[in-house]
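# Residue-level structure breakdown
So the chains spell out like this:
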Amino acid sequence: MYEAVIVDTVRTPIGRRNGALKDVHPVDLLGHVLRSIVERNQLPPEAVDDVIAGCLTQIGDQAVNIARNAWLAAGLPESVPGCTIDRQCGSSLQALHFAAQGVMSGAYEIAIACGVEAMSRVPMMSSIGVYGTPMTESLEARYHMRQYNRSFFDQALGAELLAKEWGFSREDLDQFGLRSHQLAAKARGEGKFRREIVPVPLALAKRSGWFEQDEGIRTDTSLEKMLSLKPAFPDLELITAGNASQISDGASAALVMRRETAEKLALRPRARFVAFSVVGVNPVTMLTGPIPATQKVLQNAGLKVEDIDLFEVNEAFAPVVLGWQKEIGAPWDRVNVHGGAIALGHPLGATGTRIAATLLNALEDRGGRFGLIAICEGAGMANATVIERIEA
């Protein structure tokens, strides 16, 4: 079996809904990060064996295999194929799994895992019912639904149920949201995102200038402001815009290859893959998945919680990370140290490889060895990954 390594990771700055990236086509957005990762590593693009992209709402601008379309739109060789996958919020993390596993098996020498979501242009859930099967008639909707008296279930309901089950108050949730903004603002101010971000030329949206920094970080927020927000849904009490992830636009990518191939190309391996996991959980509460995914990936890696230097747990909603920490016991000073999706945003299909970029740079900045990523997913799933930083 070959050793798979990460050579580089890049991402766009994340745009707020209807913000700086609202007029950038997702094909161009993903194409930009693909071309950027190829060019900054001086990689012969024809050497890439496959491009694997995560994208959830594969309709409209994001339809018909956006991985392939983005690669071609970026002017890259037509000899390189691409495929697009949907494992909900963990889609590009799953793309990273598939890229690494393909390299480890010998099927690939070089692969790019990536993801994109332009939520301003292609709204979340807009693909439901397109072909005449509304969500309320699907198997997912029939499963465990009657007990909750809802026409369909969603992650906000799952977050509310879990917050109450674990006993988290509205203030607990908002304190966590504030923490995300404060850590992200600090990281941005100290230049911690500089290596992972590739600015987006706004010429892609027929405007002048460049989009260079994450747009969702609020430096002027406070606990009092967060507590004043009304619930985001009329039938919920605890979940607000302040303790839930932001609807966002963005793209990200990771360059994965055999270690000996990287060395042959004079590219420095920055991390190696240690273990992977995927799990399924109750599709109504759905957000507990990072807990068993973490437990399983640690078991697969032969590691314990105390062996992990940094954790990244996607901040879909505050109760996800709060509940995960309560069950796993990871020290808070090792969790989402540069903030998370509540502050940075959650461009669904791009989040997995965005988190990989942030984690890898944080490990290098702090001299850490092992990093763990866990992401909850719609319909009751989660995936997790352990990487090990390779010292220069």
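Conventions and cut-offs
- Residues numbered from 1 in each chain as written.
- Predicted model: local features only at pLDDT ≥ 70, side-chain atom pairs only at ≥ 80, totals over all residues.
- Heavy atoms only, no water.
- Helix = DSSP H or I, 4+ residues; strand = E, 2+ residues; numbered from the N terminus.
- Buried < 20%, exposed > 50% of the residue type's maximum accessible area, 1.4 Å probe, protein only.
- Contact = heavy atoms within 4.5 Å.
- Lys, Arg positive; Asp, Glu negative; His and termini not counted.
- Charge placed at Lys NZ, Arg CZ, Asp CG, Glu CD.
- Polar contact = N/O pair within 3.5 Å; in protein donor to acceptor, adjacent residues only side chain to side chain.

What follows covers the overall build of the protein chain. When its secondary structure is counted, the protein chain shows 12 helices and 12 strands. Projecting the C-alpha coordinates of the protein chain onto the three principal axes gives extents of approximately 55 × 45 × 40 Å. For the protein chain, buried positions account for 60% of its 392 residues. In the protein chain, the share of contacts with a sequence separation of at least 24, taken over all contacts with a separation of at least 6, comes to 80%. Measuring between centres, the 39 positive side-chain charges of the protein chain sit 2 Å from its 45 negative side-chain charges.

Moving on to unusual backbone geometry. Positioned with a positive phi, Asn 18 is a non-glycine residue whose angle comes to about 60°. Structurally, the position occupied by Asn 18 is in the loop between β2 (15-16) and α1 (26-40). Since its relative accessible area comes to 52%, Asn 18 is described here as exposed. Located in the positive-phi region is Lys 206, a residue other than glycine, with phi close to 60°. With respect to the helices and strands, Lys 206 occurs in the loop between β6 (200-201) and β7 (210-211).

Mapped onto the elements, Gln 94 comes out in helix α3 (residues 91-105). In terms of polar contacts, Gln 94 uses its side chain to reach the side chain of Arg 87, at 2.6 Å. Setting aside residues no more than four positions away along its own chain, Gln 94 makes contact with Ile 85, Arg 87, Val 278 and Asn 383.

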